[in-house]
Amino acid sequence: MEVATVSCDTNSSAPRCSPSGHCSLRPVVFNNPPIQSPVAGGTDLVPTRILPPAFKPGGCSVPVRQRVPCAHPGVAGGLCWNRGCCVDPKTSSCYYPMDECSADGHFVFAVPANISSTPLNPESLTVDGKRSCKPIISNKNVAIFKFSVTKCGTRSYRIGETTVFLAEVHSAVRTYTTHYGVITRDHQVKIMVECRYSKPYSGPGKGWASTGFMVKSSSLPSLVRGQGLFGVQLRIAEDETFSSFLSVHHQPLRVLLGKPVYLEVRLISPKPEATLLVHYCVAYPRSAKSALVLLYEGCPNPLDSENVSVLYNASQPQNRHQRRFKVKAFQFMDLADNKYLNEEIYFMCSTEVCMSSETPCKTTCFDRKP
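Residues numbered from 1 in each chain as written. Predicted model: local features only at pLDDT ≥ 70, side-chain atom pairs only at ≥ 80, totals over all residues. Heavy atoms only, no water.

Colleague: Hey, could you run me through the overall build of the protein in this one?
Modeller: Along the protein, the regular secondary structure elements total 2 helices and 26 strands. Within the protein, buried positions represent 33% of all 370 residues. Long-range contacts, defined here as pairs at least 24 residues apart, represent 58% of the contacts in the protein between residues at least 6 apart. If you sum the accessible surface of the protein, you get close to 22800 Å²; carbon and sulfur atoms cover 53% of it. (Helix = DSSP H or I, 4+ residues; strand = E, 2+ residues; numbered from the N terminus. Buried < 20%, exposed > 50% of the residue type's maximum accessible area, 1.4 Å probe, protein only. Contact = heavy atoms within 4.5 Å. Areas by Shrake-Rupley, 256 points an atom, 1.4 Å probe, with all protein chains shown as cover.)

Colleague: Help me understand the sheet that holds strand β26 (residues 345-355), please; the structure alone is not making it clear to me.
Modeller: In a beta sheet, neighbouring strands pair by backbone hydrogen bonds and run either parallel or antiparallel. Strand order in the open sheet formed by 4 strands is β23-β22-β21-β26, and the pairing between neighbours is antiparallel. The sheet is open, and its two edges are formed by β23 (299-300) and β26, each paired on a single side. As judged from the 2 bridges shared by strand β22 (residues 292-296) and β23, these two strands associate in the antiparallel manner. Paired with Leu295 across the two strands is Pro300, which belongs to β23. (Pairing = 2+ DSSP bridges.)

Colleague: Sorry, what's going on with the sheet that holds strand β25 (residues 322-328) here?
Modeller: An order of β19-β20-β25-β24 is seen for the 4 strands of this open sheet, with the pairing classed as antiparallel. Unpaired on one side and paired on the other, β19 (232-237) and β24 (308-310) mark the two borders of the sheet. The sheet shows a mean angle of 25° between the axes of neighbouring strands, taken without regard to direction. As paired elements, β19 and strand β20 (residues 260-267) share 6 bridges and run antiparallel to each other. What sits directly across from Ala237, in β20, is Tyr262. (Axes fitted to C-alpha atoms, helices over the stretch in contact; angles between N-to-C directions.)

Colleague: Explain the pattern of salt bridges here, please?
Modeller: Two side chains of opposite charge can pair, provided their charged atoms sit close to one another. In the structure shown here, the tally under the stated rule is 6 salt bridges. For Glu264, the salt bridge is made with Arg324, and the minimal N-O distance between the two is 2.7 Å. Taken together, the residues span a long stretch of sequence, with Glu264 in strand β20 and Arg324 in strand β25 at a distance of 60 residues. By relative accessible area, Arg324 is classed as partly exposed at 25%. (Salt bridge = Lys/Arg side-chain N within 4 Å of Asp/Glu carboxyl O.)

Colleague: Just checking my understanding: could you explain a nonpolar patch on the surface for this structure?
Modeller: Residues Leu257, Met333 and Tyr340 make up a contiguous nonpolar surface patch of roughly 330 Å² in combined accessible area. Structurally, the position occupied by Met333 is in the loop between β25 and β26. Judged by its relative accessible area of 31%, Met333 is partly exposed. (Patch = residues over 30% accessible without salt bridge, like charges linked within 9 Å, V, L, I, M, F, W, Y side chains within 5 Å.)

Colleague: Help me out: how do you make sense of the packing of aromatic side chains in this one?
Modeller: Between two aromatic rings, the relevant description is the distance of the centres plus the angle of the planes. Within this structure, the stated rule accounts for 7 aromatic pairs. Here the aromatic rings of Phe109 and Phe147 are separated by 6.0 Å at their centres, their planes lie at 80°, and the arrangement is edge-to-face. Of this pair, Phe109 sits in strand β9 (residues 106-112) while Phe147 sits in strand β12 (residues 142-148), and the two are 38 residues apart along the sequence. The same class applies to Phe109 and to Phe147, which are both buried. Taken together, the aromatic side chains of Phe107, Phe109, Phe145 and Phe147 make up a single cluster linked through ring pairs. Sitting over the ring of Tyr95, Arg67 keeps its end group 4.2 Å from the ring centre. Its end group placed over the ring of Phe245, Arg235 keeps NZ or CZ at 3.5 Å from the ring centre. (Phe/Tyr/Trp six-rings, centres within 6.5 Å; stacked < 30°, edge-to-face > 60°. Lys NZ or Arg CZ within 6 Å of the ring centre and 35° of its normal.)

Colleague: Help me understand unusual backbone geometry, please; the structure alone is not making it clear to me.
Modeller: Residues apart from glycine generally show negative phi values, whereas peptide bonds are mostly found in trans. Phi angles above zero are rare outside glycine, and Cys152 is one such case at about 60°. Considering the arrangement of structural elements, one finds Cys152 in the loop between β12 and β13 (155-159). Judged by its relative accessible area of 14%, Cys152 falls in the buried class. The phi dihedral of Phe242 falls on the positive side, at around 55°, and the residue is not glycine. Examined against the element boundaries, Phe242 turns out to sit in the loop between β19 and β20. The class of Phe242 is buried, set by a relative accessible area of 6%.

Colleague: How should I be thinking about the confidence of the model for the protein in this particular structure?
Modeller: Detailed conclusions should not be drawn from predicted coordinates in areas where pLDDT is low. With 74% of its residues at a pLDDT of 70 or more, the protein shows a mean pLDDT of 74. Within the model, the stretch residues 218-227 combines pLDDT values under 50 with 11 contacts to residues more than four positions away or in other chains. (pLDDT = per-residue confidence, 0-100.)

Colleague: Whenever I open this one, the pairing of β13 confuses me. Can you help?
Modeller: Along a regular strand, successive side chains alternate from one face of the sheet to the other. In this structure, β13 lies alongside strand β14 (residues 162-170), joined through 5 bridges in antiparallel fashion. The residue bridging Tyr157 from the neighbouring strand is Val164, located in β14. Linking two consecutive strands that pair antiparallel, namely β13 and β14, is a turn of 2 residues; a positive phi of about 65° is found at Gly160 within it.

Colleague: What is the right way to look at the state of the cysteines in this model?
Modeller: Joining two cysteines, a disulfide is a covalent bond between their sulfur atoms. This model, assessed by the stated rule, comprises 8 disulfides. Paired by a disulfide, Cys133 and Cys152 hold their sulfur atoms 2.1 Å apart. Residues Cys133 and Cys152 are joined through a disulfide that is left-handed, its torsion about the S-S bond being -100°. With a gap of 19 residues between them, Cys133 in the loop between β10 (126-127) and β11 (137-138) and Cys152 in the loop between β12 and β13 connect regions that are remote in the sequence. Take Cys133 and Cys152: they sit in the same class, and that class is buried. (Disulfide = S-S within 2.5 Å.)

Colleague: Which parts of the structure should I look at to understand the nonpolar core?
Modeller: Nonpolar side chains in soluble globular proteins tend to end up buried together. Phe107, Phe109, Val111, Val127, Phe145, Phe147 and Val169 are the most contacted members of the largest nonpolar core, which has 22 residues in total. At the level of elements, β9, β12, β14 and β17 (190-197) are the ones that each hand at least two residues to this core. With 4 residues, the top contributor of residues to this core is β17. Sequence-distant contacts of Phe107, defined by excluding residues within four places in its chain, comprise Glu100, Phe145, Lys146, Phe147, Ser148, Val149, Thr154, Phe165, Ala167, Val193, Glu194 and Cys195. The next biggest cluster of nonpolar side chains, apart from the first, holds 20 residues, and it includes Leu263, Leu267, Ala329 and Phe366. (Core = buried A, V, L, I, M, F, W, Y, C linked by side-chain atoms within 4.5 Å.)

Shown next, in the form of structure tokens:
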């Protein structure tokens, strides 16, 4: 992801707004990273270039037939922008940006038919298996979803000052009844959609939002295999030596409660200047009815730090390309009757690859003792 600074000059190229709130948009001035060249008055010279009038942010480049209305036709452009939505300069229509968490608290994203290497019919997709939560636009090529971050079976939890919403999109599995049993030829594809609202968060639309996609299937889509600078893998070690790991297709690991489980997050093809940052790690049952925060910002959850440990090796410096920690085995309980929830437990980590040559890489508990 590239970070750009956008500003409006105070000359004639700036937007002009009337007292009624109607604005005449001008080309946007794109500021590259500032060059430290002091001039009179203490300011810095910043190289600028005028973007073409047809320029649109990535999230707004949505085909007309796939646009999701954000407001009624004819709404003022300023009001549309304030909602975090896009404006078509030709038709003045107001629509949601795609593949983003909206400012008013909605998942808005597209699922193309080729997202998985297995055949997928976008028209068969639903949210978390709920038939009422279907795409609002669907055809054989793409499915467009829009639903509230608090509905359609979404799960939410707080990590520090960030609120995370998770939802799963499932493809339908068609069954065939024969004389000898019931079979299917459909491979179910699961797509996890994540929305993060950071501080300050006091309700939908009150905080910054971003979205992420993770395909949960036995085979990764060809697009992921063919592109990308780094690969990050989460795996379980057989013991505290981390010399051998369980295979990807290993049967569910069975561990007595209270016994340690050793996990490692690593860069598959690391570069010397790269540092792997772990934003957070969570554990959740198959139904996703609960979630346990294990790590936050590279450190154990302060509310459960006695049962989650970041590993250190006194004789060797920490490897910036791999992060290891252990968790005492636990069991989720049913919220209604406090009985054991007999479901498989999954681990998931949100990571970032930081390049020290481009930006300072923050120190975490993996690099020093808290």
